[in-house]
Amino acid sequence: MCAEEVLTRSYSYNVTEGTKLGIDGFLSNNRGVLLAFDQGLEHGPTDFNERNYDPAFIMKLAEEGGFNGVIFQKGLAEKYYNGKVPLILKVNGKTSLPKGEPIARQICSVKRAAEVGAKAVGYTIYLGSAHEHLMLEEFGRIQEEAHAHDMAAIAWIYPRGQSIQNDIAPEIVAYAARTGLEVGADAVKIKYTGDVETFKWAVKCAGKTKVFMSGGPKARSEVEFLRQVRGVLDAGAVGLAVGRNVWQSSDPLKIAHYLKRLVLEDRSVEDAMKN
Amino acid sequence: MCAEEVLTRSYSYNVTEGTKLGIDGFLSNNRGVLLAFDQGLEHGPTDFNERNYDPAFIMKLAEEGGFNGVIFQKGLAEKYYNGKVPLILKVNGKTSLPKGEPIARQICSVKRAAEVGAKAVGYTIYLGSAHEHLMLEEFGRIQEEAHAHDMAAIAWIYPRGQSIQNDIAPEIVAYAARTGLEVGADAVKIKYTGDVETFKWAVKCAGKTKVFMSGGPKARSEVEFLRQVRGVLDAGAVGLAVGRNVWQSSDPLKIAHYLKRLVLEDRSVEDAMKN
Amino acid sequence: MCAEEVLTRSYSYNVTEGTKLGIDGFLSNNRGVLLAFDQGLEHGPTDFNERNYDPAFIMKLAEEGGFNGVIFQKGLAEKYYNGKVPLILKVNGKTSLPKGEPIARQICSVKRAAEVGAKAVGYTIYLGSAHEHLMLEEFGRIQEEAHAHDMAAIAWIYPRGQSIQNDIAPEIVAYAARTGLEVGADAVKIKYTGDVETFKWAVKCAGKTKVFMSGGPKARSEVEFLRQVRGVLDAGAVGLAVGRNVWQSSDPLKIAHYLKRLVLEDRSVEDAMKN
Amino acid sequence: MCAEEVLTRSYSYNVTEGTKLGIDGFLSNNRGVLLAFDQGLEHGPTDFNERNYDPAFIMKLAEEGGFNGVIFQKGLAEKYYNGKVPLILKVNGKTSLPKGEPIARQICSVKRAAEVGAKAVGYTIYLGSAHEHLMLEEFGRIQEEAHAHDMAAIAWIYPRGQSIQNDIAPEIVAYAARTGLEVGADAVKIKYTGDVETFKWAVKCAGKTKVFMSGGPKARSEVEFLRQVRGVLDAGAVGLAVGRNVWQSSDPLKIAHYLKRLVLEDRSVEDAMKN
Amino acid sequence: MCAEEVLTRSYSYNVTEGTKLGIDGFLSNNRGVLLAFDQGLEHGPTDFNERNYDPAFIMKLAEEGGFNGVIFQKGLAEKYYNGKVPLILKVNGKTSLPKGEPIARQICSVKRAAEVGAKAVGYTIYLGSAHEHLMLEEFGRIQEEAHAHDMAAIAWIYPRGQSIQNDIAPEIVAYAARTGLEVGADAVKIKYTGDVETFKWAVKCAGKTKVFMSGGPKARSEVEFLRQVRGVLDAGAVGLAVGRNVWQSSDPLKIAHYLKRLVLEDRSVEDAMKN
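The following refers to the structure shown. (Residues numbered from 1 in each chain as written. Chains lettered and ligands numbered in written order. Predicted model: local features only at pLDDT ≥ 70, side-chain atom pairs only at ≥ 80, totals over all residues. Heavy atoms only, no water.)

## Points about the relation of the copies chain D and chain E
Here's step 1: When chain D is fitted to chain E, the residual RMSD is 0.0 Å, and the transformation amounts to a turn of 72° plus an axial shift of 0.0 Å. This pairing of chains is accounted for by a five-fold axis. Considering only C-alpha atoms, the part of chain D nearest the rotation axis is Leu134 of chain D, at 10 Å. (Least-squares fit on C-alpha atoms with pLDDT ≥ 70 in both.)

Below you can see the structure in the form of structure tokens.
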């Protein structure tokens, strides 16, 4: 299936109205499926194939797939964003190359994010890193600037570094979620603990900060991935930011369709997968 | 006892008038009991149960319990603060995850603290840390900004790091208290030494800087905790900032009631605990 | 052949019109050959001989050779730039002397680059260095300033440091190219992988960010060098930034002539080398 | 002798006129005895007893004892300074707790120092520390700001850190004195070498920068201390900044009286000690 | 010979006109002899004797000796500069005490340098130091500020630190000279390689950036020193900055006289030394 074919089927979901401010500007009934495409900087092109390396393909996929938002770094937003899907601009980032305690600093100003039309800024905090304080401080400043520009501030909170043994241990995931609330994030993107009960606790700890599951690497099967998503929804999350599990799929619109039925229509996995 | 029940009993204490500026804006006859709830960032949700994780519960507890102030990080203040109890906004913080010499940097601007209605800003200085100078410097700037916004500046002074053997040794606690005075804090929050005489010296060394005891982890019994508080009052402190010993209690309003009789009415432990 | 003689032969290429903004201000039909002369700071005078050490010689060579642009550090631009060839001002730099993880910081302000008439700023990012985050952050700020001054921002992306085993491994070169796109560079200057297929992937990953090959050290023969250039063109690059392979040549204008026929007229190596 | 009694005896010295600008605003015929009280931050309360811990006692002592100036950190100045003695505000400081190369950063802004009525700012530079450059840089900025506010800039120059074997070696003390001159200090506060001849050289090296001896720890006897002071005066210093040798004395006003006769009236030790 | 006698003999050289801007404001026919006196901070008073420690002596020497400029740190300029000789203000500096990789940061603002009447600012870059990037960056900013104030920017470029084996190796000296040109210095102050041919290469590499020899420690004899100077002139340098070889001399005006005949009148060593 060529790229053209892949993206020709259209689904009838309405994206949330673009004039709402902040995080409500891109949720549908307090649920959302975001298409993440910041892997080019974070992981490098090893994640890509001949089709999905192309931001234009992803932009079209975000549009045709009816995603609630698309996540780009500044360069992609400036060169490929077409305004048809809400934009979440990732304002910090790093490559996977340096060793040592992780740190990512601001690459895009909040003002620039507003200029390219972002509804929200995203910022990664490596919790537990020896540089944690630098990222907490920088997020604190960015969150205030984003709100001054009527944009939401979303924190990617990833526990990482020598002090972290297991980044999906329930108490660590709950700590990540809570940190998002404490530092004033409108939403937090965290990994799934793997079971509903422990993730429910993380969602509770995030309070009024909305929780998105981080999609993570490609799952072994679609059904397995959808069950994870069902789990995070049952736990109270508003949705997920998904990248590889969609655009590494041979049929990205199909999995997007399943995800929307699951997340936006709150169906069961089985029901979502029916055509 | 469910959360609703827990907070329905009302006590007749009057909170200090909200129009006073600075630290007198939230003390009662130069005494005060502050409800601390910055543990979500500092310790993570391991401190919480199904009731007390919720900032709304804490906000209601602060109100119903007649506390002189409630201590929140920016995120909690922005999403849960209702203006019914004076707000102390903690403007720096860290998680308990990173190893190495402790450091916490500013996460909330003083301007933002003023906008959400704070009466005071709180800032933690890890005395003796290899990064002590960065925190002394940052507090120095924040204290001046806070005063320019008619807010008090409260220093949490915690001796910590490789150079500190015993953070409640009398000379260390007195040093912490004195540092608060020297750097211009309106109040200092320090640990109890464990006995009245040595803490009296710390309070003296703090001079016109008011001393709050740091509540610390949950005590073995209520009476033991109240005796500690009685000790710090006898030593000259103006009160305490208490968190876990209240909201980890099965009856938080009861312990709040005891604390107010002890601190605000200056009663004995035995008298305070009579119903 | 003396310096005078070397530069007297003129070729009839028209340089791109100087009034276009950004990177199109110095490309010819989306192709370009840039004359790099920032080696004086990066490598020191060991690269130079009695003729090519002289920026005036290089300036004249850029003009007579019909290059699309000349690359100078601030000092050379201020003292030797004559406005007859588009200027790319390299705004950071380092010497080759310090050991340890590489880092180069901003030496020339974007405002100053604009004042001396630059069409673009160049900035080196040592990908994988322990200081990568400082350079990504600084480039992010400079890119925005450059665009505000109607200048292009070109990223030299060089994977280097302890974490990099082989800086021309295909996946590393592709990662460098992609990073240029992600951080908003208008063009990226990267090393050649050595074969067309793998470099094609790098060029694809760079998307709308134009790719220049980094000329590198003097090749064993002209034909070998030209075949490398032909390879990068076949892979989709817009051209190259070349220094030593031109100005270390005994006949710089001849090799410049070859390069233009190859790059700007898109000829074969054999055809380009015909007189 | 209680605190009240201690400070009731008055001496008839006139403090220098408060309207003069800069360092002449607090010298008497180019001589001065300053009462240092920044030990609360630098050493902690271990230096204090039940009387001298109190800044109000020190403020009264400075006034009754006719000192040329009193040295406070920001917090003491804001809460205890009464305007009756010229104020030197110490704008940086550290505790004695952290190990490693010493560093003290700015805690009080120059603007704030001016607002509380300071005639001069004081700043400590740990010469030879691995962080020396940070303090030289910060002092450079503060000196310029202080002069813009018509305040003097006094440098406490203390050679310290792994590279310093003996901080009162004549060549080290002379280096400290000279550094004060080179970096633009109006006065320098340095340790005594122990003999007149070597200290004379240090004073010469300080040129037009006035030299104050640093009082240091309590001497074994009053006469021994006064002989040190006599030595520094004979060497050309303008006086001293004295703390512990006055306020740790059982009769601070007596030693203050001796010091003024010695320093301001330029008497011999024997003559100064006559009643 | 006492200080008074030393400086009474006058020579009839005219200093360059003070109204010219930039580096031409203090050269004579593109040649210059600068009197360096920043050793008080860089080396400490061990370089001084009872006469030459005194900036007033040096100021008079600069005037009577007809030097093209005098080099002071901020403190000396503010307290001793009399406007009779062009002033080069050294705006960064360090002591010789700290071990480890060398670094010197800005101590005097460019604005302040302009206020005290400087014609140029001087800044030291320790090439090859692990902190090289911080100094290259700071010089870059200062150079632009200096030019905005119509002052020249002179770079002292000293290869130093663990990565430097021999700081007068020809390729290292040429690298230092070239760095001055690349970063936009109007003049560079570097060490002599020891022979004309290799220094000629360094001067060539400096291009339009003028080269001053760094005077260095006292030579074994006057004639040996003058031969070094003759060598750097023959190599194309514009002159030297000389300190110890003048003011450690028993007859500073005599050696100044020789230097001016050598440098400004371009005589041979033998001719210059004739009376």
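## A short note on the packing of helix 7 (residues 170–182) of chain C against helix 8 (residues 196–206) of chain C
Any two packed helices are characterised by the angle at which their axes cross and by the distance between the axes.
Residues and elements named next belong to chain C.
Here's step 1: Contact geometry of helix 7 with helix 8 gives a least axis separation of 7 Å together with a crossing angle of 20°. Overall, the two elements helix 7 and helix 8 adopt an arrangement that is roughly parallel. The two elements helix 7 and helix 8 meet at a crossing, and its hand is right-handed. Counted together, Pro170, Val173, Ala174, Ala177, Arg178 and Leu181 of helix 7 and Thr198, Phe199, Trp201, Ala202, Cys205 and Ala206 of helix 8 form the full contact between these two elements. (Axes fitted to C-alpha atoms, helices over the stretch in contact; angles between N-to-C directions. Helix = DSSP H or I, 4+ residues; strand = E, 2+ residues; numbered from the N terminus. Parallel < 35°, antiparallel > 145°, perpendicular 65-115°, else oblique. Left-handed = near helix turned anticlockwise from the far one by under 90°. Contact = heavy atoms within 4.5 Å.)

## Description of the nonpolar core
Here's step 1: Within the largest apolar cluster, 313 residues are counted, with the highest numbers of intra-cluster contacts made by Phe199 of chain C, Phe199 of chain D together with Phe199 of chain E.
Here's step 2: Not counting chain neighbours up to four residues away, the residues in contact with Phe199 of chain C comprise Val173, Ile190, Lys191, Tyr192, Thr193, Val211, Val232, Ala235 and Ala237 of chain C.
Here's step 3: The next biggest cluster of nonpolar side chains, apart from the first, holds 208 residues, and it includes Ala146, Phe212, Ala235 and Ala237 of chain B. (Core = buried A, V, L, I, M, F, W, Y, C linked by side-chain atoms within 4.5 Å. Buried < 20%, exposed > 50% of the residue type's maximum accessible area, 1.4 Å probe, protein only.)

## Looking at the pairing of strand 9 (residues 210–214) of chain D
Strand residues, when the strand is regular, have side chains that alternate between the two faces of the sheet.
Residue and element names in this part refer to chain D.
Here's step 1: With 5 of its 5 residues buried, strand 9 lies for the most part within the structure.
Here's step 2: Burial of the side chains of strand 9 extends over both faces: Lys210, Phe212 and Ser214 are buried on one face and Val211 and Met213 on the other.
Here's step 3: With 4 bridges joining them, strand 8 (residues 187–190) and strand 9 adopt parallel strand pairing. The partner of Ile190 across the bridge, within strand 9, is Met213.
Here's step 4: With helix 8 (residues 196–206) bridging strand 8 and its parallel neighbour strand 9, the resulting β-α-β unit is right-handed.
Here's step 5: Regarding the hand of the β-α-β motif, the stretch spanning strand 9, helix 9 (residues 222–234) and strand 10 (residues 239–242) is right-handed. (Pairing = 2+ DSSP bridges. Right-handed = clockwise from strand over helix to strand, strands pointing away.)

## Concerning the interface of chain C and chain A
Here's step 1: Counting residues at the interface gives 32 residues for chain C, matched by 35 residues for chain A.
Here's step 2: Counting the surface lost from both chain C and chain A, the interface buries some 2,700 Å², and carbon and sulfur atoms represent 61% of this.
Here's step 3: Contact with chain A buries area across many residues of chain C, yet Tyr175, Arg178 and Glu182 of chain C alone supply 26% of it, more than any other trio.
Here's step 4: The residue Lys204 of chain C makes a salt bridge to Glu50 of chain A at a minimum N-O spacing of 2.3 Å.
Here's step 5: The interface formed by chain C and chain A includes 17 residue pairs in polar contact (both at pLDDT 80 or more).
Here's step 6: Every element with two or more residues in the side of chain C that touches chain A is listed here: helix 6 (132–148), helix 7 and helix 8 of chain C.
Here's step 7: At 9 residues, the largest contribution of residues to the side of chain C that touches chain A is made by helix 6 of chain C.
Here's step 8: Of the residues in the side of chain C that touches chain A, the class split is 11 nonpolar, 11 polar and 10 charged. (Buried area = accessible area lost by both parts, 1.4 Å probe. Salt bridge = Lys/Arg side-chain N within 4 Å of Asp/Glu carboxyl O. Polar contact = N/O pair within 3.5 Å; in protein donor to acceptor, adjacent residues only side chain to side chain. Nonpolar A, V, L, I, M, F, W, Y, C, P; charged D, E, K, R; others polar.)

## Let's talk about the arrangement of the chains
Here's step 1: Where chain B comes nearest to chain C, the C-alpha atoms are still 19 Å apart, and the two do not contact one another.
Here's step 2: One finds no contact between chain A and chain E; the C-alpha atoms of the two approach each other to within 19 Å at their closest.

## Let's talk about the packing of aromatic side chains
Here's step 1: One pass over the structure, following the stated rule, counts 35 aromatic pairs over all chains.
Here's step 2: Geometrically, the ring pair formed by Phe37 of chain C and Phe72 of chain C is edge-to-face, given 6.3 Å between the ring centres and 70° between the ring planes. With Phe37 of chain C in the loop between strand 1 (32–36) and helix 2 (39–42) and Phe72 of chain C in strand 2 (residues 69–73), the pair connects residues that are 35 residues apart, well separated along the chain. Considered together, Phe37 of chain C and Phe72 of chain C belong to a single accessibility category, that of buried residues.
Here's step 3: Measuring from ring centre to ring centre gives 6.0 Å for Tyr123 of chain C and Phe139 of chain C, while their planes differ by 50°; the resulting arrangement is tilted. Residue Tyr123 of chain C is found in strand 6 (residues 118–127), and its partner Phe139 of chain C is found in helix 6; the two are separated by 16 residues along the sequence.
Here's step 4: Judged by relative accessible area, Phe139 of chain C falls into the buried class, the value being 1%.
Here's step 5: An aromatic cluster of three or more residues is present, and its members are Phe37, Phe48, Phe72 and Trp247 of chain A.
Here's step 6: Sitting over the face of the ring of Tyr80 of chain E, Lys208 of chain D holds its NZ or CZ atom 4.6 Å from the ring centroid. (Phe/Tyr/Trp six-rings, centres within 6.5 Å; stacked < 30°, edge-to-face > 60°. Lys NZ or Arg CZ within 6 Å of the ring centre and 35° of its normal.)

## Considerations on the interface of chain D and chain E
Here's step 1: Listed as interface residues are 32 residues of chain D and, on the opposing side, 35 residues of chain E.
Here's step 2: Between chain D and chain E the total buried area reaches about 2,700 Å² when both faces are included, carbon and sulfur atoms providing 60% of it.
Here's step 3: The largest contributions to the chain D side of the interface with chain E come from Tyr175, Arg178 and Glu182 of chain D, which together make up 26% of the buried area.
Here's step 4: Along the contact surface separating chain D from chain E lie 3 salt bridges.
Here's step 5: With a shortest N-O distance of 3.9 Å, Glu137 of chain D and Arg105 of chain E are connected by a salt bridge.
Here's step 6: Summed over the shared surface of chain D and chain E, the result is 16 residue pairs in polar contact (both at pLDDT 80 or more).
Here's step 7: Elements that contribute at least two residues to the side of chain D that touches chain E include exactly helix 6 (132–148), helix 7 (170–182) and helix 8 of chain D.
Here's step 8: Among the elements that line the side of chain D that touches chain E, the one with the most residues is helix 6 of chain D, at 9 residues.

Take it as geometry only, folks, not as evidence of what the structure does.
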